[in-house]
Amino acid sequence: MPVDATYLLQLTLNGLMLGLIYALIAAGLALVFGVLEIINFAHGELLMVGAYVMAFALPALGGQYIPAMAVALLASALLGFVLYHGFLARLRDKDFERSILVTMGISMVLLYGCQYLFSATPKMVNTEFGFAGIAVGSIKITWTRVIAAGLAIMAFAFLWFILFRTQFGRAMRAVSINREAALMVGVRPQSVARNAVVIATVLCGLAGAALAPIHLVQPIMGQFLLFKAFALIIIGGLGSMSGAIFAGLALGILESWIGGFFDIIWQEVAGFIVMMAVLLVRPQGLFGQAAVRTG
Amino acid sequence: MACALDIRALTAGYGDLPVVHDFSAAIEAGTVTTLIGGNGAGKSTLMRALFGTCRLFAGEIIFLGVPIERMHPWERLAHGIGLVPQGRCNFASMRVAENFKMACYSLQRADHDRAIARTLQLFPALKPKMSVMAGNLSGGEQQMLEMAMVMVPSPKLLLLDEPSLGLSPKMQQDVFSMARQVASIGVTVLMVEQNAHGALLASDTAIVLELGRNVLAGPANAVIRDPRIRLAYLGERSTERLS
Ligand SMILES: Nc1ncnc2c1ncn2[C@@H]1O[C@H](COP(=O)(O)OP(=O)(O)O)[C@@H](O)[C@H]1O
Ligand SMILES: [Mg+2]
């Protein structure tokens with residue numbers, strides 16, 4: 001069966017867009033795991049909150065995309081700050097089990113709190129762009145998708161710059177590589193942990209806000225994505241941010257191809273099949289180091 | 001000489017468990033002191049207590065006239081205390097150059113390059129290794145790197161926890177002569193050593209720790225001749241000595 005090139009390109013572009021969203025979520029999860037050594041079960045709800053802020057800010061601001069996005073990102077930063085100081089800062093070292101329960105609790109409170117306030121009915125939001133877009137040959141891509149992809153790419157460039165070119169970000173990598181060595185050079189682990197949580201929340205909020213005008217906004221939306229994000233950080237190698245980002249992009253494209261050629265059901269399972277395969281063949285993940293942390 | 005570090009009745013440990021008990025010692029500025037003691041005696045715990053990375057139950061630590069026992073590790077670093085912990089303690093997946101950059105964390109941006117260059121003069125062997133991943137250096141090179149990293153912000157007190165552990169005899173000698181060299185520029189050095197003989201030869205003073213208590217302190221050349229110390233820590237069996 002010959003594959004229509006235009007159709008394949010369309011699928012790939014859609015997949016890339018989806019992959020960038022996955023990568024944003026997974027990068028934040030990997031960052032928090034690396035620096036705080038906890039799995040944040042509330043990570044999906046951080047995305048959902050970002051989407052809801054966008055969904056309310058857009059009509060309030062007359063549909064203007066960028067100002068509404070700025071509001072969503074600011075709200076996410078604030079949420080990250082509260083999440084850290086209210087809950088995560090109170091966990092002690094080696095408190096992994098308690099961290100699971102605490103973040104699960106936060107997840108449930110946010111999920112059902114949102115459902116109580118705004119009902120479970122999905123919201124549709126419109127922007128100044130409506131359904132306008134750009135055409136690449138016979139493929140049409142809406143502006144909301146183009147901008148979402150552009151913002152995600154900018155976010156990754158910014159993240160890279162912070163992590164590899166500033167002391168502020170280098171300290172995050174330092175804490176996740178070797179906590180004791182970080183103390184040795186004078187890092188304050190609490191400040192670094194707070195910065196990591198705020199950055200992760202903003203990345204997640206960006207994903208949610210970018211999704212809001214593209215997909216339905218509903219309280220449960222984060223839950224669907226969280227478990228995929230878990231699969232992604234395992235595929236990428238726990239704590240490896242580049243691994244998580246790569247796995248996110250790859251999964252987005254893979255899902256889109258599968259959805260385009262097979263029954264849609266397989267699309268949802270693909271990530272987990274890959275995860276299991278990776279766990280069997282390369283337990284440390286694609287980008288993980290075979291010998292895990294020594295510190 | 002002036003007393004740089006005055007430890008008074010220090011009790012420290014983890015959780016609810018004190019490991020070091022009622023430890024007192026006065027260490028003079030610009031000297032090398034070796035702390036010896038058996039496994040689990042609490043040597044590392046004492047070092048952590050001085051840097052602020054374990055729990056303090058009681059006692060005082062006066063460093064250059066300032067009580068520091070309530071300070072966080074980064075505040076102690078700012079006061080001139082540096083600790084090279086036991087075992088590997090660097091950023092293995094960063095290059096040596098970036099490890100040095102992290103070592104500048106407590107310094108102003110404008111001082112980074114100068115501080116790194118000054119430290120590299122003390123550790124010239126690391127110069128050709130700047131673009132190597134720290135985790136790919138040999139054990140001895142990693143130990144040197146860690147000492148160098150702690151020297152970057154110019155500490156006045158250098159705490160070394162078993163710096164010669166796992167090194168070749170040649171590298172062990174290098175570590176001890178490095179300690180002497182650091183002391184010669186006015187830094188007070190306190191090191192824990194398993195290789196008590198080599199360390200004592202390079203030291204001015206020795207302290208013996210047993211079960212978390214200071215049981216003996218004195219000039220290194222006297223401690224090295226003490227028959228009890230020879231028996232317990234210098235690997236000597238008294239009967240064999242006579243034959
Ligand atoms: N992080 C820790 N938490 C709890 N107990 C510890 C910890 N580190 C060391 N200990 C205990 O403290 C005692 C002294 O250990 P340590 O100071 O490392 O001894 P040394 O360095 O002299 O071999 C040991 O009994 C050890 O089990
Ligand atoms: Mg020890």
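Remember, it's a predicted structure, so these values are computed and weren't measured experimentally. (Residues numbered from 1 in each chain as written. Chains lettered and ligands numbered in written order. Predicted model: local features only at pLDDT ≥ 70, side-chain atom pairs only at ≥ 80, totals over all residues. Heavy atoms only, no water.)

Asker: Sorry if this is basic, but what is going on with the overall build of chain A here?
Answerer: A tally of helices and strands in chain A yields 11 helices and 2 strands. Of the regular secondary structure in chain A, the N- to C-terminal order runs α-α-α-α-β-β-α-α-α-α-α-α-α. Computed over its C-alpha atoms, the radius of gyration of chain A comes to 19 Å, within 12% of the 19 Å expected for a compact globule of 295 residues. If you line up chain A on its principal axes, its C-alpha atoms span 60 × 45 × 35 Å. Relative to its 295 residues, chain A shows a buried fraction of 51%. Taking the intrachain contacts of chain A between residues at least 6 apart in sequence as the baseline, contacts between residues at least 24 apart amount to 76%. Accessible surface computed for chain A: about 13600 Å², of which carbon and sulfur atoms make up 71%. Seen as two clouds, the 16 positive and the 11 negative side-chain charges of chain A have centres 10 Å apart. (Helix = DSSP H or I, 4+ residues; strand = E, 2+ residues; numbered from the N terminus. Rg over C-alpha atoms; globule rule 2.2 N^0.38 Å. Buried < 20%, exposed > 50% of the residue type's maximum accessible area, 1.4 Å probe, protein only. Contact = heavy atoms within 4.5 Å. Areas by Shrake-Rupley, 256 points an atom, 1.4 Å probe, with all protein chains shown as cover. Lys, Arg positive; Asp, Glu negative; His and termini not counted. Charge placed at Lys NZ, Arg CZ, Asp CG, Glu CD.)

Asker: Would you mind showing me how to read the state of the cysteines here?
Answerer: Note on terminology: disulfide describes a covalent bond linking the sulfur atoms of two cysteines. Tallied over the full model, the rule gives 0 disulfides over all chains. Looking at the unpaired Cys204(A), the closest cysteine sulfur is the one in Cys114(A), lying at 14 Å. Classification of Cys204(A) as buried rests on a relative accessible area of 0%. Among the cysteines around Cys54(B), which has no disulfide bond, Cys89(B) carries the closest sulfur, lying 15 Å off. (Disulfide = S-S within 2.5 Å.)

Asker: Could you clarify how one ought to interpret the side chain of Asn99(B) in this entry?
Answerer: Secondary-structure assignment places Asn99(B) in helix H3 (residues 96-103). Setting aside anything within four residues of it in sequence, one finds Asn99(B) in contact with Asn90(B), Phe91(B), Met94(B), Ala134(B), Leu145(B) and Met149(B).

Asker: Please explain the environment of Phe168(A) as it appears in this structure.
Answerer: Residue and element names in this part refer to chain A. One can find Phe 168 in helix H6 (residues 167-177). Residue Phe 168 is classed as partly exposed on the basis of its relative accessible area of 41%. In this structure, Phe 168 is in contact with Ile 162, Asn 195 and Ile 199, ignoring residues within four places of it in sequence.

Asker: How do you make sense of the sheet that holds strand E9 (residues 205-210) of chain B when you look at a structure like this?
Answerer: Within a beta sheet, neighbouring strands are joined by backbone hydrogen bonds and run either parallel or antiparallel to one another. Residue and element names in this part refer to chain B. Overall, mixed pairing links the 6 strands, which are arranged E6-E7-E8-E3-E9-E10 in an open sheet. Both outer strands of the open sheet, strand E6 (81-84) and strand E10 (213-219), are each paired with one neighbouring strand and no more. Sheet twist, expressed as the average angle between the axes of neighbouring strands with direction ignored, equals 15°. The pairing of E6 with strand E7 (residues 157-161) spans 4 bridges and is parallel. (Pairing = 2+ DSSP bridges. Axes fitted to C-alpha atoms, helices over the stretch in contact; angles between N-to-C directions.)

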